[in-house]
Amino acid sequence: MVTMFSQHCADPFTVEAVDVVEVDGSVSQCPELRSRMETVSAKAANSHVGIEESAERIASLLTRMSLSAELQADGDSIRVSVPPTRADVLHACDVYEDVAIAFGFNSIAKKIPETNCIGEQFVLNKLTDKLRLELAMAGFTEVLTFALCSEDDVSVKLRKPLQSAARIANPKTCDFQVARTTLLPGLLKTVSSNKNMAMPLQLFEVADVVLLDSGEDVGARNDRRLAALFYGKTAGFEVIHGILDRVMQVLAIPTQRYRVVATEDSTYFHGRCADVVVDGRKVAILGVLHPDVVTHFDLAAPCSYLELYVQALA
């Protein structure tokens, strides 16, 4: 942007540098208008673009795109100088794109790919789409809430200590500090924003939560969940339990394979919480929410909730 507007300066194409004093006292000059070096492969460029040109020809094409290119001694590597005027060039693939533009898209020969692929929907997405349909037919309304929330939303407001959650390094607002570990806060916020609607409110959401996992290359993983919430003059636990039974019926899991086992969870009312166990694995939790949890979201009526771990059943 600096290079673009520099042509309008009193002395065209000149930029005045400024000293930036960092928090630690160090001083740096801004902007840094220096070229960046990128090394690409002529063979890779041909493969990505779909052409068969010599390394010298590719270097010539890049020069036409304002990228100074020099062929290296190995005959394949091309050292490209990316000037500050080309802020759009971030990776090697951007250099390959410039090769294609300079060569001419219409000049690239069309050919049938060597590998035939038949696309299809992911099994998990296909399953969750069917579950969405079933809950909608049961009279529940689907909502779509934010994947980010505050630390209090998944800890203090749910009467739990702050669990391991993926934190945002530099959050711009206290409302988006961590990635959600449960779908409950989003549903309760939705109810709180629609208190003027006639009761009962029956909401559901099928979406991902983010859980820390040292076994993943990024240190966290997505986990698909199904959440259903009933908010009315009565707790409506029987409605939520009915949703559970219907989901199990749709998933072809007979009643002999799953059990509802009483448990204790600080988010739920004492004696009104249970785990759902299928073949010895916990796949869901349901119950009547604790009054403190309800009031933390500025609500007054009782509320029942079900959260199903879809990927554990997929």
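Residues numbered from 1 in each chain as written. Predicted model: local features only at pLDDT ≥ 70, side-chain atom pairs only at ≥ 80, totals over all residues. Heavy atoms only, no water.

Thoughts on the layout of surface pockets
Okay, step 1: In this structure, the largest pocket encloses a volume near 350 Å³.
Okay, step 2: Listed by contribution, the elements that provide at least two residues to the lining of the largest pocket are β13 (281-289) and β14 (303-309).
Okay, step 3: With three residues, the top contributor of residues to the lining of the largest pocket is β14.
Okay, step 4: Of all the secondary-structure elements, those providing two or more residues to the lining of the second largest pocket are β7 (148-149) and α6 (184-192).
Okay, step 5: With four residues, the single largest contributor to the lining of the second largest pocket is α6.
Okay, step 6: Tallied by class, the residues present in the lining of the second largest pocket amount to six nonpolar, four polar and four charged. (1 Å grid on protein atoms, 1.4 Å probe; cavity = no way out; pocket = protein on both sides within 12 Å on 5 of 7 lines; lining within 4 Å. Points joined across faces, edges and corners; volume = space filled by probe spheres on them. Helix = DSSP H or I, 4+ residues; strand = E, 2+ residues; numbered from the N terminus. Nonpolar A, V, L, I, M, F, W, Y, C, P; charged D, E, K, R; others polar.)

A word on the sheet that holds strand β5 (residues 77-82)
Okay, step 1: In space, the three strands of this open sheet follow the order β3-β5-β4, with antiparallel pairing throughout. With partners counted over all chains shown, the strands left at the sheet margins are β3 (36-41) and β4 (68-71), one partner each. Strand-to-strand twist of the sheet, defined as the mean angle between neighbouring strand axes without regard to direction, takes the value 25°.
Okay, step 2: With four bridges connecting them, β4 and β5 associate as antiparallel partners. Bridge pairing links Ala 69 to Val 80 in β5.
Okay, step 3: Helix α4 (residues 92-103) contacts β3 and β5 of the sheet and is inclined by roughly 70° relative to β3. (Pairing = 2+ DSSP bridges. Axes fitted to C-alpha atoms, helices over the stretch in contact; angles between N-to-C directions. Contact = heavy atoms within 4.5 Å.)

Describing the pairing of strand β10 (residues 220-231)
Okay, step 1: Judged by how many residues are buried, β10 sits mostly within the fold: ten of twelve residues are covered.
Okay, step 2: When strand β9 (residues 201-212) meets β10, the two strands line up antiparallel, connected through twelve bridges. Note on β10: the bridge partner recorded for Leu 203 is Leu 229.
Okay, step 3: Across seven bridges, the pairing between β10 and β14 is antiparallel. Bridge pairing links Leu 226 to Leu 308 in β14. (Buried < 20%, exposed > 50% of the residue type's maximum accessible area, 1.4 Å probe, protein only.)

Re helix α2 (residues 42-49)
Okay, step 1: Within α2, the full set of buried residues consists of Ala 42, Ala 44, Ala 45, Asn 46 and Val 49.
Okay, step 2: Each element contacted by the buried residues of α2 is listed here: β3, α3 (55-64), β5 and α4.
Okay, step 3: Between the side-chain oxygen at the start of α2 and the backbone nitrogen of Lys 43 there is a gap of 3.3 Å, and the oxygen is on Ser 41.
Okay, step 4: After α2 finishes, the residue Gly 50 shows a positive phi value of roughly 90°. (Polar contact = N/O pair within 3.5 Å; in protein donor to acceptor, adjacent residues only side chain to side chain.)

Things to note about the pairing of β5
Okay, step 1: The buried fraction of β5 amounts to five of the six residues, a majority that puts the element mostly inside the structure.
Okay, step 2: Connecting β4 to the next strand, β5, in antiparallel fashion are five residues, including Gly 75 with a positive phi near 80°.

Observations concerning unusual backbone geometry
Okay, step 1: Going from Cys 30 to Pro 31, the amide bond is cis rather than trans, its omega being 0°.
Okay, step 2: Looking along the chain, the bond that leaves Met 199 and enters Pro 200 is cis, with omega of 5°.
Okay, step 3: Checked against the element boundaries, Pro 200 lands in the loop between α6 and β9.
Okay, step 4: In this model, Ala 252 sits at a positive phi of 60°, which is unusual for a non-glycine residue.
Okay, step 5: Mapping Ala 252 onto the fold places it in the loop between α7 (237-250) and β11 (258-262).

Notes on the packing of helix α5 (residues 123-137) against α7
Okay, step 1: For the pair α5 and α7, the least separation of the axes is 11 Å and the interaxial angle reads 140°. As summarised for this structure, α5 and α7 are arranged oblique, according to the angle between their axes. Like other packed secondary-structure pairs, α5 and α7 cross with a definite hand, here right-handed. Contact with α5, carried on its side by Leu 131, Glu 134 and Leu 135, involves Ile 243, Arg 246, Val 247 and Val 250 of α7 and no other residues of that element. (Parallel < 35°, antiparallel > 145°, perpendicular 65-115°, else oblique. Left-handed = near helix turned anticlockwise from the far one by under 90°.)

Quick word on the side chain of Arg 180
Okay, step 1: Residue position: Arg 180 is located in the loop between β8 (178-179) and α6.
Okay, step 2: Polar side-chain contacts of Arg 180 include one of 3.0 Å to the backbone oxygen of Asp 208.
Okay, step 3: Apart from the residues lying within four places of it in its own chain, the contact partners of Arg 180 are Thr 145, Phe 146, Ala 147, Cys 149, Val 154, Glu 205, Ala 207, Asp 208, Val 209 and Val 210.

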